[in-house]
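Structural features, examined
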Amino acid sequence: MPAAASSSELGSDQQFTFRLLDWYGDHARVLPWREEVTPYRTWVSEIMLQQTRVETVIPYFLRWMKRFPTVEALAKSTEQEVLQTWEGLGYYSRARNLYKAARVIVDQLDGKLPDTASELGDLPGIGKYTAGAISSIAFGEVQIALDGNLKRVIARTDAIDLPIGSSQADNAISDILTKRIDKYRPGDFNQALMDIGATICLPSKPLCGQCPLRTVCAAFQQDRQNEYPVVAKKPPIPHFTVAAAVIECEGRVLIVQRPADKLLGSLWEFPGGKLEEGETLPECLQREIREELDAEIIVGEEVGVFRHAYTHFRVTLHAYRCKITGSSEPRLIEAQDLRWVDPTELSAYPMGKLDRLISMQLQV
């Protein structure tokens, strides 16, 4: 590696990189996946960090590593074990893809993650950003990891007047970072930008006085840091009213397993669905149970009302105690499986946030 020059001797791109890595040496966040860097730990952490805050991920990462310390341990588990360990972290397709990829790695790749972004991108659940992050951090490949933090930092330092997240903005930011990435420390370069974006260059009210890049930041020099990044106007987030049936029989309740290819795939839930125009909530439930399970129900008292915000929509769920009428027996039409379960055993079945709240209410 050539001898380092002082910052005053460097061009603007080199000054950016020098200041960034010098700051990172003193201020890098202490995170569990950085304490022992392995390809497997880096991969798991990057998948967990997709669309999720670091503070939220840390306890899940530690729990995951205790349960699945190696890619071999993950590959030998079951999808239900994986989903249960992941429960509460959301975006469950990430967990299913981790499991699928682990089996590919063990069965076809001798238990070793590929060491290039292009090969990593062939595995389930690893997109361009994640492949760049893993290959740069774990293997030292010179690749940009273009996550939301990096985009926001560069949108400000280079005053990019394009809507953040657009293909045009992504291309412009990638071109800029390709010129600046340190070929000897690509992983540190990416992680340093992630850390600045997460701790200093915040979405609102950035802490510019603490930023090592303020002397090379166009937005700061122009006192326009609050104008960046440019954000395209988003459509209103839809809201859905949903009903769920807690169907009871001889002290047990009925739960069904969602189709693997749907939202919250392979998780367990109390059957039900969206309220349609002109329906009452009991009418909605009777229709949904008829369509899903070919059964007729009597709708009883309300168990509770539960709310949750997903990425692209919000839900208010009303849960009701129900009974099967007549001699009809629930049968599988849309779900993968169904079980009659003692309420005390519900914790053994991985569920989404709303259904877990219902299950907890049943045990009060």
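Everything discussed here concerns the structure shown above.
Figured I'd write up the structure that's included with this text.

Cut-off values and rules
Residues numbered from 1 in each chain as written. Predicted model: local features only at pLDDT ≥ 70, side-chain atom pairs only at ≥ 80, totals over all residues. Heavy atoms only, no water. Helix = DSSP H or I, 4+ residues; strand = E, 2+ residues; numbered from the N terminus. Expected span 1.5 Å × (residues − 1). Buried < 20%, exposed > 50% of the residue type's maximum accessible area, 1.4 Å probe, protein only. Contact = heavy atoms within 4.5 Å. Core = buried A, V, L, I, M, F, W, Y, C linked by side-chain atoms within 4.5 Å. Axes fitted to C-alpha atoms, helices over the stretch in contact; angles between N-to-C directions. Parallel < 35°, antiparallel > 145°, perpendicular 65-115°, else oblique. Nonpolar A, V, L, I, M, F, W, Y, C, P; charged D, E, K, R; others polar. Pairing = 2+ DSSP bridges. Phe/Tyr/Trp six-rings, centres within 6.5 Å; stacked < 30°, edge-to-face > 60°. Lys NZ or Arg CZ within 6 Å of the ring centre and 35° of its normal. Salt bridge = Lys/Arg side-chain N within 4 Å of Asp/Glu carboxyl O.

**Description of helix H14 (residues 281-293)**
An ideal rise of 1.5 Å per residue puts 18 Å on 13 residues; H14 measures up with 18 Å between its terminal C-alpha atoms. When H14 is considered as a whole, its buried residues turn out to be Leu281, Cys284, Leu285, Arg287, Glu288, Ile289, Glu292 and Leu293. In this structure, the buried side of H14 is in contact with strand E1 (239-249), strand E2 (252-257), strand E4 (272-274), strand E5 (297-309), strand E6 (314-324) and strand E7 (337-341).

**Points about the nonpolar core**
In terms of nonpolar packing, the biggest core is built from 38 residues, with Tyr40, Trp43, Met48, Trp64, Leu74 and Trp86 touching the most fellow members. Of all the elements in the fold, those that place two or more residues in this core are helix H3 (39-49), helix H4 (54-67), helix H5 (71-76), helix H6 (79-86), helix H7 (93-108), helix H8 (117-120) and helix H9 (128-139). The contacts of Trp43, once residues within four sequence positions are left out, are Val71, Leu74, Leu98, Ala101, Ala102, Ile105, Leu113, Ile126 and Ile134. One finds Leu20, Leu146, Ile173 and Ala192 within the second-largest nonpolar core, a separate group that totals 27 residues.

**Looking at the packing of helix H1 (residues 12-27) against helix H12 (residues 186-199)**
Direction vectors running N to C along H1 and H12 enclose 75°, while the axes themselves pass 9 Å from each other. Classed by the angle they form, the pair H1 and H12 counts as roughly perpendicular. Residues Phe16, Thr17, Leu20, Leu21, Trp23 and Tyr24 of H1 pack against Asp188, Phe189, Gln191, Ala192, Leu193, Asp195, Ile196 and Thr199 of H12. Each residue belonging to the contact of H1 with H12 can be placed in one class, and the counts come to 9 nonpolar, 3 polar and 2 charged.

**Section: the pairing of E2**
Among the 6 residues in E2, 5 count as buried, and that is most of the element. In this sheet, E2 lies alongside E1 in antiparallel orientation, the contact comprising 2 bridges. Of the residues in E2, the one forming a bridge with Cys249 is Arg252. In sequence, E1 turns back onto E2 through a hairpin of 2 residues, with Glu250 there showing a positive phi of about 50°. Note: E2 against E7, 5 bridges, orientation antiparallel. Its bridge partner being in E7, Gln257 is matched across the sheet by Asp337. Here E2 runs beside strand E3 (residues 268-269); their pairing, made up of 2 bridges, is antiparallel. Residue pairing across strands places Val256 opposite Glu269, the latter belonging to E3.

**What to know about the packing of aromatic side chains**
Summed over all chains, the structure comprises 7 aromatic pairs. Ring centres of Trp33 and Phe61 lie 5.2 Å apart, and the angle between their planes is 75°; this geometry places the pair in the edge-to-face category. You can see Trp33 sitting in helix H2 (residues 32-35) and its partner Phe61 sitting in helix H4, a full 28 residues away along the chain. Here Trp33 falls in the buried class, since its relative accessible area comes to 6%. Exposure remark for Phe61: the relative accessible area of 0% places this residue in the buried category. One aromatic cluster is present, built from ring pairs that chain together Trp64, Phe68 and Trp86. Above the ring of Phe16, the side-chain terminus of Arg180 is found at 4.5 Å from the ring centroid. Sitting above the plane of the Phe240 ring, Lys274 keeps its charged end 4.1 Å from the centroid.

**A word on the packing of helix H10 (residues 148-157) against H12**
The N-to-C vectors of H10 and H12 enclose an angle of 75°; their axes lie 8 Å apart at closest approach. Classified by the angle their axes make, H10 and H12 are roughly perpendicular. Between H10 and H12, the residues in contact are Asn149, Leu150, Arg152 and Val153 and Asn190, Leu193, Met194, Ile196, Gly197 and Ala198, respectively. Tallied by class, residues from the contact of H10 with H12 come to 6 nonpolar, 3 polar and 1 charged.

**So, the environment of Tyr60**
Structurally, the position occupied by Tyr60 is in helix H4. As for Tyr60 and Leu89, which are separated by 29 residues in sequence, their C-alpha atoms are 7.4 Å apart.

**Observations regarding the environment of Glu345**
Relative to the helices and strands, Glu345 is located in the loop between E7 and helix H15 (353-362). Residue Glu345 is classed as partly exposed on the basis of its relative accessible area, which comes to 38%. Separated by 253 residues in the primary sequence, Glu345 and Tyr92 have C-alpha atoms spaced 22 Å apart.

**Observations regarding the pattern of salt bridges**
Within the structure shown, the criterion is met by 20 salt bridges. Where Arg321 meets Glu301, a salt bridge forms, and the shortest distance between an N and an O atom there is 3.2 Å. Here the residue Arg321 occupies a position in strand E6, and Glu301 occupies one in strand E5, the gap between them amounting to 20 residues. Judged by its relative accessible area of 51%, Glu301 is exposed. Each of Glu276, Glu279, Arg287, Glu288 and Glu291 takes part in salt bridges that share partners, so that together they form one network.

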